[in-house]
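Inside the fold
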Amino acid sequence: MNETLNRRNFMGHSTGLAALSMTSLTFGQQIIKNHSKLHKDQKAAILIWLGGGPPTIDIWDLKPGTNEGGPFQPISTTGDFQISEHLPLLAQQGDNFSLIRSMSTREADHGRGRYMMHTGFAPNPRLVHPSMGSVVASELGILNKDLEIPSFFSVDTNSYGGGFLGTAWNPFSVRSNGTIPNLGGSNLNSNRLRMLSAIEEGFIKSNRGELPGDHKKLLERTIKLSTSPQMDALKIQQEPAQVLEAYGNTNLGRGALMARRLIQQGVPFVEVGFGGWDLHNMTHETLQTKLPQLDKVLNSLIFDLKRLDIWQNTAIIVMGEFGRTPRINQNAGRDHWAATWSSFVSGGLFKGGQAIGKTSPDGKMVDGKSYTAADLMATTLTALGIDINKKHTSKSGRPIKMANGGSVIKELIS
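It should be emphasised that the depicted structure is a prediction, and the values quoted were computed from it without experimental measurement.

What counts and what doesn't
- Residues numbered from 1 in each chain as written.
- Predicted model: local features only at pLDDT ≥ 70, side-chain atom pairs only at ≥ 80, totals over all residues.
- Heavy atoms only, no water.
- Buried < 20%, exposed > 50% of the residue type's maximum accessible area, 1.4 Å probe, protein only.
- Helix = DSSP H or I, 4+ residues; strand = E, 2+ residues; numbered from the N terminus.
- Pairing = 2+ DSSP bridges.
- Axes fitted to C-alpha atoms, helices over the stretch in contact; angles between N-to-C directions.
- Parallel < 35°, antiparallel > 145°, perpendicular 65-115°, else oblique.
- Contact = heavy atoms within 4.5 Å.
- Nonpolar A, V, L, I, M, F, W, Y, C, P; charged D, E, K, R; others polar.
- Expected span 1.5 Å × (residues − 1).
- Bend = angle between axes of the 7 residues up to and from the residue.
- pLDDT = per-residue confidence, 0-100.

With that settled, the discussion passes to the pairing of strand β4 (residues 97-103). Counted residue by residue, β4 has seven buried out of seven residues, so it is predominantly covered. Judged from the five bridges that link them, β4 and strand β11 (residues 341-346) form a sheet pairing that is antiparallel. Of the residues in β11, the one forming a bridge with Met-103 is Trp-341.

Encoded structure:
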């Protein structure tokens, strides 16, 4: 019975996307296609950041029948694993994603965990490391000579930037409603641009290191993007009604749709924020609202990427800074827990249908091999065709490998 209901739900949510075949593109899709600079062999990644630390023991790695397993039941998927009953649409997409169930990072502080999952390194007061988005932007963004807009966008989240690679690779922040906070709603007219350019030239001649030059590059990109038709990617209202409905009128739905439109333009990395996962109180009650939203959006994103024939060159990563305790606290919540938790990967650049690694029956320990933030980052970069053995040099002259020398999770690489 559950399987029948799941299939009905899946078809109900996907009908709008299925109706928009590649041979019958509608007005909104024609607009984005006309301005698209995506090359057929160009790769891109979408990171959906679950800020706060999602309780993956209730989402991807359930422990039914245990004292601390929680009230949710696992359901079977079309892959070789089970997931939460509150993800019925994704259950029908199980062969299109994989889970890394033995993540273990040992950083249960929000700030430190967030930094580690974005960079592969623990925070270091003497050195700021580049985030995964900045590494991808610096390696792949320069390959697309037609890209007029930034090669790293962050939607509804303040991601980490270029670190020692330079501020030129910082994320360009936008909101899921299409507004750009950095521009403050001001028009960049020609007089203002000339004045800003003159100021920048004076700043550069003041001999204050590399920052003025990086800032000038940022200004130049801002000028270019202010007039580029590629910025129409932020105008998700151009999409057909069926597509808008499939993703949903939520920040996450709008952000994921915007990410899809941006990678169509040739942007190699987009991070979309979906916060509110610091669930110390009433964890399961909150999840009954959040999980259906995540289910709907990820299902639609997978379906849409396939419909538009860009699935094979896309990587999707869904993660937070850590997981949450197998123990349920006195407030019906779960606390910070970095010893054992799960991450989600999808897209044609990863092999789907697998659960990599496992945890003990009570979820408190890794059973066998564990995987780190560096391993996940190394795997993602490798899937995108980026050489993780390439050495970079920090400002102090220190040679550094991206992803902190992490090991590739070979089971995931297509």
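There's plenty left to go through after this.
Turning our eyes to something else, we now look at the packing of helix α4 (residues 110-119) against helix α11 (residues 373-383). Packed helix pairs are characterised by how far apart their axes lie and by the angle those axes make with each other. At a closest axis distance of 7 Å, the pairing of α4 and α11 adopts a crossing angle of 30°. Regarding the angle of α4 to α11, the classification is roughly parallel. Contact residues: Met-116, Met-117, His-118 and Thr-119 in α4; Ala-373, Leu-376 and Met-377 in α11. When its residues are assigned to classes, the contact of α4 with α11 shows five nonpolar, two polar and no charged.

Here the focus is helix α10 (residues 283-307). Compared with an ideal rise of 1.5 Å per residue, which puts 25 residues at 36 Å, α10 spans 35 Å between its outermost C-alpha atoms and is within 8% of the ideal. Most pronounced at Thr-289, the bend in α10 amounts to some 30°, and the proline Pro-292 follows within four residues. Just downstream of α10 lies Asp-309, where phi reads positive at about 65°.

Overall, the predicted model of the protein chain reaches an average pLDDT of 87, with 80% of residues at or above 70. When the criterion is pLDDT under 50, residues 1-13 qualifies, and its contacts beyond four places in sequence or with other chains add up to 16 contacts. The low-confidence segment residues 21-35 (pLDDT under 50) makes 31 contacts with residues lying over four places distant or belonging to another chain.

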